[in-house]
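The primary structure of each chain is shown beneath.
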Amino acid sequence: MSPSLAEIQDEFVAALRDPGRPAPPDVLGPDRRPDARRFAVYRNNVVHGLVNALEARFPVTSRLVGTQFFRAMARAFVGFQLPRTPLLMNYGDEFPRFIADFAPAREVPYLADLARLERAWSQSFHAAEAIPLTVETLALRSSLDLAQCRLRLHPSLRLVRSPHPIATIWSSHQSAGEVTPPAAWEAEDVLVVRPHAEVRLHLLPHSGCEFVLALAAGNPVQDAAEAALAHDAEFDVGHHLVGLAGLGAIVSLEPAAEPAKLREKTS
């Protein structure tokens, strides 16, 4: 019985992933005979293109470990996972997790978190547009009214938490000059957002990150503030609301009685 289309496709993908596998028998050359050499060239071009896509999406990660190491790690990832959609801008969403489990990269313990930050940056860059709420508009609402509202956060907003100073490391690699190591090796909670044309990274205090996480989960402002207060008894909800509005992170206010329609915002 002839193989089904699904079986042919599975064999083709398996051969693309594993250079040790022979060319699929249904891949024929101009003479209608199997052509291993042509398939090897195609396989090499596919892998090369995907490695280039990862290098473009994770440039600081590549710079940290060097081109040779990064491309070897990226080739291993390509063998682990091929694109699931035709949109290469989304390829590599699982790359940070792969790095965390990649034994040769364990000498750089912050590398996976840095890759998570770069993933968040690219996701923010390609996110939908939305007009942010202004501080002036926010100021028109009473404190009691605000406390009962849910916030619809900007579609580009992402949060990345790390025990390492990943935003500082990322920032120090944004120019071609000599890289200055972080003055202090401390945990950083990073808010990534693109309210206008440029993606911005902002450091948050630990309680501020808890506040945004609770808001992104659909909690009313009052409940989100209580989550933050559990980590910092001096948390100032008004100050943080104004700060979020100033960053362009808030799109609208919604009555708490209505279910918030929020996308996942955390990494």
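Structural data are supplied above this passage.
Overview of the structure. (Residues numbered from 1 in each chain as written. Predicted model: local features only at pLDDT ≥ 70, side-chain atom pairs only at ≥ 80, totals over all residues. Heavy atoms only, no water.)

A tally of helices and strands in the protein chain yields twelve helices and five strands. A compact globule built from 267 residues would reach a C-alpha radius of gyration of about 18 Å, whereas the protein chain, at 23 Å, exceeds it by more than 25%. The principal-axis extents of the C-alpha atoms in the protein chain amount to approximately 80 × 45 × 30 Å. Counting over 267 residues, the protein chain shows a buried share of 42%. A separation of at least 24 residues holds for 69% of the contacts in the protein chain among residues at least 6 apart in sequence. Entry remark: accessible area of the protein chain is about 14,800 Å², with carbon and sulfur atoms responsible for 55%. (Helix = DSSP H or I, 4+ residues; strand = E, 2+ residues; numbered from the N terminus. Rg over C-alpha atoms; globule rule 2.2 N^0.38 Å. Buried < 20%, exposed > 50% of the residue type's maximum accessible area, 1.4 Å probe, protein only. Contact = heavy atoms within 4.5 Å. Areas by Shrake-Rupley, 256 points an atom, 1.4 Å probe, with all protein chains shown as cover.)

Pairing is antiparallel across the open sheet formed by three strands, whose spatial order is 2-3-4. Taken across any chain shown, the strands that pair with only one partner, and hence form the sheet edges, are strand 2 (158–162) and strand 4 (200–204). Strand-to-strand, the axes of this sheet are offset by a mean angle of 25°, without reference to chain direction. By the bridge criterion, five bridges tie strand 3 (residues 188–193) to strand 4 in an arrangement that is antiparallel. For Leu 191, the partnering residue across the bridge sits in strand 4 and is His 202. Where helix 6 (residues 111–125) meets the sheet, its contacts fall on strand 2, strand 3 and strand 4, and the angle it forms with strand 2 comes to roughly 175°. (Pairing = 2+ DSSP bridges. Axes fitted to C-alpha atoms, helices over the stretch in contact; angles between N-to-C directions.)

What the rule picks out here adds up to ten salt bridges. Between Arg 161 and Asp 189 there is a salt bridge whose closest N-O contact spans 3.2 Å. With Arg 161 in strand 2 and Asp 189 in strand 3, this pair connects stretches of sequence that are 28 residues apart. With relative accessibility at 24%, the residue Arg 161 sits in the partly exposed group. (Salt bridge = Lys/Arg side-chain N within 4 Å of Asp/Glu carboxyl O.)

Here we take up the pairing of strand 2. When a strand is regular, its side chains alternate between the sheet's two faces. By the criterion of burial, strand 2 is predominantly enclosed, with four of the five residues buried. Of the strand pairs in this sheet, strand 2 and strand 3 are connected by five bridges, and their pairing is antiparallel. Bridge pairing in strand 3 places Arg 161 opposite Asp 189.

Bringing the side chain of Asp 113 into the picture now. Along the chain, the position of Asp 113 falls in helix 6. In this structure the side chain of Asp 113 is engaged in a polar contact, spanning 3.1 Å, whose partner is the side chain of Arg 116. Setting aside residues up to four positions removed in sequence, Asp 113 forms contacts with Val 160, Arg 161, Ser 162, Pro 163, His 164 and Ile 166. (Polar contact = N/O pair within 3.5 Å; in protein donor to acceptor, adjacent residues only side chain to side chain.)

Tallied over the full model, the rule gives 13 aromatic pairs. Here the aromatic rings of Phe 69 and Phe 102 are separated by 6.2 Å at their centres, their planes lie at 70°, and the arrangement is edge-to-face. One end of the pair, Phe 69, is in helix 4 (residues 67–80); the other, Phe 102, is in the loop between helix 5 (95–101) and helix 6, with 33 residues separating them in the sequence. Ring geometry for Phe 80 and Phe 98: centres 5.6 Å apart, planes at 35°, overall tilted. Here Phe 80, found in helix 4, pairs with Phe 98, found in helix 5; they are 18 residues apart in sequence, far enough to count as distant. (Phe/Tyr/Trp six-rings, centres within 6.5 Å; stacked < 30°, edge-to-face > 60°.)

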